[in-house]
Amino acid sequence: MRTTISQILDLARSGQKIPMLTAYDSATARLLDAAGIPLILVGDSLGQVMLGYDSTLPVTMDDMIRHTSAVVRGAQNAFIVGDMPFMSYQISESDALANAGRFLKEAGCQGVKLEGGRQVAPLVEKLVGYGIPVMGHVGLTPQSINQLGGPRLQARTAAQAKVLLDDALALERAGAFSVVLELVPAQVSRMISDRLEVPTIGIGAGPDCDGQVLVISDLLGMNPAFHPKFLKRYAELAETIRSAAQTYAEEVKSGAFPDREHSHWMSAEEEALLSDL
Ligand code: KIV
């Protein structure tokens, strides 16, 4: 049975922390589902993680639909959120409704995420009113990276924290079922989490959010060059993959692979006939 919004809200109300991870493909989604991850985000971090861009900005709706539908096919139990890419909801309300609708109709996910606070609250209200669950996202909003001047800690002052709180409250009032807080001081996310009824999901936001999210490839150690303070690696797959590929290449070159065990063989009788061909 797929996780529902009310189950996610119940987790938060009962004080249980919510683990969320990103996924971009079916095989990974199946493993996250098997691990009992209740919330999977098909983030527009797809741009950097899977498509080799240096930001989320070039990611298109078609990219997101293709990868979100793959994740939906892989995970039968998690609540799956599709991330609305840059300029898929900013141009007009009708564009935003059509694009959010594509996530549910074509990709089959259960909700969408979009970045921004008070400015997007009227849109969030519209989407929720039409039955599309929305996760908000404030703090560091990567689609505004050019405006923000880089991946910097947000809301460093009490005055900035108040602006962030007002943004998060506006999203909650508009009907968002949860709000991502990215790269903000732990004290600020604690204060916002205390003030919001809906769960906050933190990334680089300290321990007091109702849930946490990490990008799956970061958690798995796929890119050792990326080591921000907030990131804890739970595996070192970069080295595992590199060394497996190197051993494979050596064995192919030396003839050690494939060996008898990894080859198919015909019967001796049929083999004897080969010389007559
Ligand atoms: O795109 C993404 O992966 C995200 C998370 C980091 C919250 O927005």
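These numbers were taken from a predicted model, which means no experiment stands behind them.

Asker: Requested: an account of the site of the ligand, with residues and values cited.
Answerer: By nearness alone, every residue bordering the ligand is listed as T22, L41, G43, D44, S45, D83, K113, H137, I203 and V215. Residue D44 places a side-chain N or O atom 3.1 Å away from an oxygen atom belonging to the ligand. A distance of 3.0 Å separates an oxygen atom of the ligand from a polar side-chain atom of K113. Compared with its free state, where it exposes 260 Å², the ligand has 95% of that area covered by protein.

Asker: A description of the domain arrangement of the protein should follow, citing residues and the corresponding values.
Answerer: A common way to express how large an interface is: the accessible area buried when the components associate. According to the domain assignment, the protein contains domain 1 (5–235) and domain 2 (240–276). Centre-to-centre, using C-alpha coordinates, domain 1 lies 46 Å away from domain 2.

Asker: Before we move on, could you go through the nonpolar core and cite the residues and values that matter?
Answerer: Formed by 59 residues in total, the largest nonpolar core has its most connected members in I40, I80, F103, L114, V124, L181 and I192. A total of eight residues in this core trace back to one element, the largest contributor, which is helix α8 (residues 158–174). Setting aside its immediate chain neighbours within four residues, I192 contacts L164, L165, A168, L181 and T200.

Asker: Go over the sheet that holds strand β8 (residues 211–214), please, and point to the residues and values.
Answerer: Strands sit in the order β1-β2-β3-β4-β5-β6-β7-β8 around a closed barrel of eight strands; the barrel is parallel. When the angles between neighbouring strand axes are averaged without regard to direction, this sheet yields 25 degrees. In terms of strand pairing, strand β2 (residues 39–42) meets strand β3 (residues 79–83) through four bridges, oriented parallel. Bridging across to β3, L39 finds its partner in F79. Along the sheet, helix α5 (residues 93–107) contacts β3 and β4 (111–113); its crossing angle with β4, the most-contacted strand, is approximately 135 degrees.

Asker: Break down the pattern of salt bridges for me, citing the residues and quoting the values.
Answerer: Summed over the entire model, instances satisfying the criterion amount to ten salt bridges. In this structure, the salt-bridge partner of K126 is E93, at a minimum N-O distance of 3.5 Å. Placement of the pair is K126 in helix α6 (residues 121–129) and E93 in helix α5, with a sequence separation of 33 residues. Between D167 and R118 there is a salt bridge, with the nearest N and O atoms lying 2.8 Å from each other.

Asker: Quick one: what's the story with helix α9 (residues 186–195), residue by residue and with numbers?
Answerer: Of all the residues in α9, the buried ones are V188, S189, I192 and S193. Relative to the axis of α9, the buried residues are bounded by an arc of 130 degrees and lie together on one face. Among the exposed residues of α9, those pointing more than 90 degrees away from its buried face are Q187 and D194.

Asker: Tell me what's going on with the packing of α8 against α9, and back it up with residues and numbers.
Answerer: Contact pair α8 / α9: the axes reach a minimum separation of 10 Å and the direction vectors enclose 35 degrees. The two elements α8 and α9 meet at a crossing, and its hand is right-handed. Across from A161, L164, L165, A168 and L169 in α8, the residues of α9 making contact are V188, M191, I192 and R195. The class makeup of the residues in the contact of α8 with α9 is eight nonpolar, no polar and one charged.

So, how was this worked out
- All residue numbers refer to position in the chain's written sequence, counted from 1.
- Given that the model is predicted, a residue must reach a pLDDT of at least 70 before its local features are reported, and side-chain atom pairs must reach 80 or more before they are shown or counted; all residues, however, enter totals for whole chains, interfaces and linings.
- Side-chain calculation: all heavy atoms of the structure are included, whereas hydrogens and water are not.
- Distances are taken per atom, and a residue is near a molecule or strand as soon as one of its heavy atoms is within 4 Å of it.
- We define a polar contact as two N or O atoms separated by no more than 3.5 Å, with the added condition that, inside protein, one atom must be a possible hydrogen donor and the other a possible acceptor, whereas residues neighbouring each other in sequence contribute only through side-chain atom pairs.
- Note that accessible areas follow from Shrake-Rupley with a 1.4 Å probe, and for residues the cover is restricted to the protein chains shown.
- Residue ranges assigned to the domains are those given by an automatic or database domain assignment.
- Among buried residues, those of type Ala, Val, Leu, Ile, Met, Phe, Trp, Tyr and Cys that are joined through side-chain atoms within 4.5 Å constitute a nonpolar core.
- Exposed residues in this analysis have more than 50% of their type's maximum accessible area, buried residues have under 20%, and partly exposed residues fall in between, with area computed by a 1.4 Å probe over protein chains only.
- Here a strand is any run of E in DSSP of at least two residues, a helix any run of H or I of at least four, and the numbering for each starts at the N terminus.
- Residues count as neighbours in contact if any of their non-hydrogen atoms are within 4.5 Å of one another.
- At least two bridges found by DSSP between two strands are what make those strands a pair.
- Only the stretch in contact is used when a helix axis is fitted, and all axes are lines through C-alpha atoms; the angle between N-to-C directions ranges over 0 to 180 degrees.
- Any carboxyl oxygen of Asp or Glu within 4 Å of a side-chain nitrogen of Lys or Arg constitutes a salt bridge here.
- In this context, the arc is that of the directions from the helix axis out to the C-beta atoms.
- If you view the pair so one helix is near and one far, a crossing is left-handed when the near helix is turned anticlockwise from the far one by less than a right angle, and right-handed when it is turned clockwise.
- Only Asp, Glu, Lys and Arg are considered charged in this grouping, and only Ala, Val, Leu, Ile, Met, Phe, Trp, Tyr, Cys and Pro are considered nonpolar; every other residue, Gly among them, is considered polar.

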